[in-house]
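Observations on the model geometry
These are the residues of each chain, in order.
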2 protein chains.
Amino acid sequence: MNKQIDLYFDFTSPYSYIAAERIEAIAQTAGWSVNYSPTLLGFIFKEIGGGPLTTMPRKGDYSINDFSRTARFHGLTLSFPKKFPVNTVAAARTALWVKAEHPQQLGDFVRAVFRAYFVGGEDISEAATIAKCAAGVGLDGAAAAAANDDPRWKDAMRAAVAASNDVKMFGAPYFVINGEAFWGNDRLDQVERWITTGPF
Amino acid sequence: MNKQIDLYFDFTSPYSYIAAERIEAIAQTAGWSVNYSPTLLGFIFKEIGGGPLTTMPRKGDYSINDFSRTARFHGLTLSFPKKFPVNTVAAARTALWVKAEHPQQLGDFVRAVFRAYFVGGEDISEAATIAKCAAGVGLDGAAAAAANDDPRWKDAMRAAVAASNDVKMFGAPYFVINGEAFWGNDRLDQVERWITTGPF
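These notes cover the structure that comes with them. In this text the structure is predicted, and so the values were computed from the model without any measurement. (Residues numbered from 1 in each chain as written. Chains lettered and ligands numbered in written order. Predicted model: local features only at pLDDT ≥ 70, side-chain atom pairs only at ≥ 80, totals over all residues. Heavy atoms only, no water.)

Re the side chain of glutamine 190 of chain A
Within the secondary structure, glutamine 190 of chain A is located in helix α9 (residues 188–197). For glutamine 190 of chain A, a relative accessible area of 1% gives the class buried. Side chain to side chain, glutamine 190 of chain A and threonine 70 of chain B meet in a polar contact 2.9 Å long. Residue contacts for glutamine 190 of chain A: discarding those within four places in its chain leaves Phe182 and Phe200 of chain A together with Asp66, Arg69, Thr70 and Phe73 of chain B. (Helix = DSSP H or I, 4+ residues; strand = E, 2+ residues; numbered from the N terminus. Buried < 20%, exposed > 50% of the residue type's maximum accessible area, 1.4 Å probe, protein only. Polar contact = N/O pair within 3.5 Å; in protein donor to acceptor, adjacent residues only side chain to side chain. Contact = heavy atoms within 4.5 Å.)

Laid out in structure tokens, this is it:
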């Protein structure tokens with residue numbers, strides 16, 4: 001058995017931010033690892049329809065309140081960003097560079113980007129913001145910014161989107177554990193039991 | 001402060017069944033009561049768009065697996081019904097009769113209907129099934145069936161749908177606690193904390 005949780009997410013997803021803050025403790029306690037897999041929800045929605053939660057009648061207003069309340073419920077801070085949703089191509093491409101070249105820093109980099117957006121109110125669509133996040137976790141900011149323009153990481157991004165389509169992702173965060181899919185920060189309680197005491 | 005959780009639901013909603021099984025223990029521990037408020041999701045969807053989860057690309061297949069898995073997670077049984085979604089007008093009208101005439105039996109009646117559908121595989125669109133559920137909790141089955149054709153409960157049904165629209169319901173189950181809305185069985189953990197230690 002592969003003791004790895006595949007976590008598919010988009011950096012613009014509030015519930016993915018919350019899940020990214022919670023999952024390490026859950027995984028580590030059970031002796032599992034997290035495979036952070038950034039993708040682009042826009043391409044998923046092109047495939048199957050759908051769109052940002054916040055644009056939906058009633059559910060949109062509800063969600064904006066629920067994002068912050070759910071964060072507080074877990075002892076976290078979340079300020080709904082002025083620019084939402086945001087273009088996450090630069091963030092995701094750079095994350096793929098980190099994943100390939102500096103895998104030990106990946107989790108911290110992912111959380112640094114999420115916090116820049118959901119706590120710091122920064123514009124994570126800008127390569128400069130992403131470079132700063134990279135530098136903040138001990139990586140080379142200039143190399144991180146360069147990765148965004150490198151065809152290698154553009155290709156990796158297309159492959160990452162294809163991979164998230166292959167596992168039938170339809171929303172974020174989306175966890176896959178040896179073929180079993182769990183959708184949403186709210187499913188981390190089931191993920192925890194699944195990796196701790198086995199499938200139920 | 002009104003120590004009452006308003007629970008809006010549709011009898012065809014799997015996550016509402018799970019929530020109805022869990023909420024009494026949560027409410028009673030905190031000294032709160034549950035105001036069971038049946039409505040008809042079809043009319044909500046007419047108002048704001050949307051439709052059954054199970055018809056959505058990818059999310060549909062996911063949900064059918066998640067319904068049963070989430071039930072098992074909470075120690076419950078849920079067999080996805082052959083007829084889904086089902087017409088719940090008869091069930092809801094009769095529930096409104098129980099609510100007005102036999103309020104002490106309402107919670108048990110609600111759970112009896114949910115179990116008939118999600119555990120017993122019965123067709124709850126039929127008045128005979130609903131009458132049997134009523135009889136099973138000590139009510140007059142014939143009176144329950146008659147309520148379904150009584151203009152009084154047809155009017156009550158329209159008022160109930162209007163009330164669920166007024167609180168901006170967009171999916172089920174939908175909880176309202178002194179104006180604060182919580183959507184989904186997954187939010188019962190937040191509901192529990194909200195009524196136990198106050199708003200957060």
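Side note on the sheet that holds strand β1 (residues 4–9) of chain A
All names here are of chain A. If you trace the 4 strands from one edge of the open sheet to the other, you get β2-β1-β3-β4, paired in mixed fashion. Bordering the open sheet on either side are β2 (33–38) and β4 (180–183), each of which pairs with just one other strand. On average, adjacent strands in this sheet sit at an angle of 25 degrees to one another, irrespective of strand direction. Bridge count between β1 and β2: 6 bridges; the pairing is parallel. Bridging from a neighbouring strand, aspartate 6 pairs with asparagine 35 of β2. Each of β1, β2 and β3 (174–177) is contacted by helix α1 (residues 14–30), which is oriented at about 160 degrees to β2, the strand it contacts most. (Pairing = 2+ DSSP bridges. Axes fitted to C-alpha atoms, helices over the stretch in contact; angles between N-to-C directions.)

Some words on the packing of helix α4 (residues 89–101) of chain A against helix α8 (residues 151–166) of chain A
All names here are of chain A. Interhelical geometry of α4 versus α8 gives an angle of 100 degrees and a closest axis separation of 9 Å. Considering their axes alone, α4 and α8 lie roughly perpendicular with respect to each other. On α8, the residues touching Val89, Ala92, Arg93, Leu96, Trp97, Ala100 and Glu101 of α4 are Arg152, Trp153, Lys154, Ala156, Met157 and Ala160. Looking at the contact of α4 with α8, its residues break down into 9 nonpolar, no polar and 4 charged. (Parallel < 35°, antiparallel > 145°, perpendicular 65-115°, else oblique. Nonpolar A, V, L, I, M, F, W, Y, C, P; charged D, E, K, R; others polar.)

Thoughts on the nonpolar core
By size, the foremost hydrophobic cluster in this structure holds 71 residues, and its most contacted members are Ile5, Phe11 and Phe175 of chain B. Once you skip the residues sitting within four places of it in the chain, phenylalanine 175 of chain B turns out to touch Ile5, Asp6, Leu7, Ala19, Ile23, Glu180, Ala181, Phe182, Gly184, Leu188 and Val191 of chain B. Among the nonpolar cores identified, the runner-up in size contains 66 residues, and Leu78, Val176, Ile177 and Leu188 of chain A belong to it. (Core = buried A, V, L, I, M, F, W, Y, C linked by side-chain atoms within 4.5 Å.)

Some thoughts on the pairing of β3 of chain A
Looking along a regular strand, one sees the side chains alternate between the two faces of the sheet. Residue and element names in this part refer to chain A. The side-chain alternation of β3 yields two buried faces, one formed by Tyr174 and Val176 and the other by Phe175 and Ile177. Relative to β4, β3 runs antiparallel, the two being bridged by 4 bridges. Each bridged residue has a counterpart across the sheet, and for phenylalanine 175 the counterpart in β4 is phenylalanine 182. The hairpin formed by β3 and β4 contains 2 residues between the paired strands, and asparagine 178 there has a positive phi angle of roughly 45 degrees.

Brief notes about the interface of chain A and chain B
With 30 residues of chain A in contact, the opposing surface of chain B contributes 30 residues. Around 2,900 Å² of area is buried between chain A and chain B when both sides are counted, 53% of it from carbon and sulfur atoms. The tally of links from chain A across to chain B stands at 6 salt bridges. Summed over the shared surface of chain A and chain B, the result is 24 residue pairs in polar contact (both at pLDDT 80 or more). Put simply, the parts of the chain that give the side of chain A that touches chain B at least two residues each are α2 (41–48), α3 (59–73), α8, β4 and α9 of chain A. Ranked by the residues each element gives to the side of chain A that touches chain B, the list is headed by α3 of chain A, at 8 residues. In terms of residue class, the side of chain A that touches chain B is made up of 13 nonpolar, 5 polar and 12 charged. (Buried area = accessible area lost by both parts, 1.4 Å probe. Salt bridge = Lys/Arg side-chain N within 4 Å of Asp/Glu carboxyl O.)

Comments concerning the relation of the copies chain A and chain B
The operation relating chain A to chain B is a screw motion whose rotation component is 180 degrees, with 0.0 Å of axial translation and a residual RMSD of 0.0 Å. Such values leave the two copies arranged in the relation of a two-fold axis. Among all C-alpha atoms of chain A, that of aspartate 186 of chain A lies closest to the rotation axis, at 3.0 Å. Looking at the interface residues of chain A, 100% of them are also at the interface in chain B, so both copies use one shared face. (Least-squares fit on C-alpha atoms with pLDDT ≥ 70 in both.)

Quick look at the pairing of strand β2 (residues 33–38) of chain B
Of all 6 residues that make up β2 of chain B, 5 are buried, and the element is covered over most of its length. Regarding the hand of the β-α-β motif, the stretch spanning strand β1 (residues 4–9) of chain B, helix α1 (residues 14–30) of chain B and β2 of chain B is right-handed. (Right-handed = clockwise from strand over helix to strand, strands pointing away.)

Things to note about the sheet that holds β1 of chain B
Residue and element names in this part refer to chain B. Taken in spatial order, the 4 strands of this open sheet run β2-β1-β3-β4, and their pairing is mixed. Two strands lie at the open edges of the sheet, namely β2 and β4 (180–183), each paired on one side alone. Mean inter-strand twist for the sheet, computed between neighbouring axes without regard to direction, equals 25 degrees.

Quick notes on the pattern of salt bridges
This structure, assessed with the given rule, holds 20 salt bridges over all chains. A salt bridge links aspartate 186 of chain A to arginine 187 of chain B, with the nearest nitrogen and oxygen atoms 2.5 Å apart. Remark: arginine 187 of chain B occurs in the loop between β4 and α9 (188–197) and aspartate 186 of chain A occurs in the loop between β4 and α9; the pair is interchain, linking two chains. On the accessibility criterion, aspartate 186 of chain A (24% relative accessible area) is partly exposed. The network of salt bridges with shared partners includes Asp66, Arg69 and Asp186 of chain A together with Glu180 and Arg187 of chain B.

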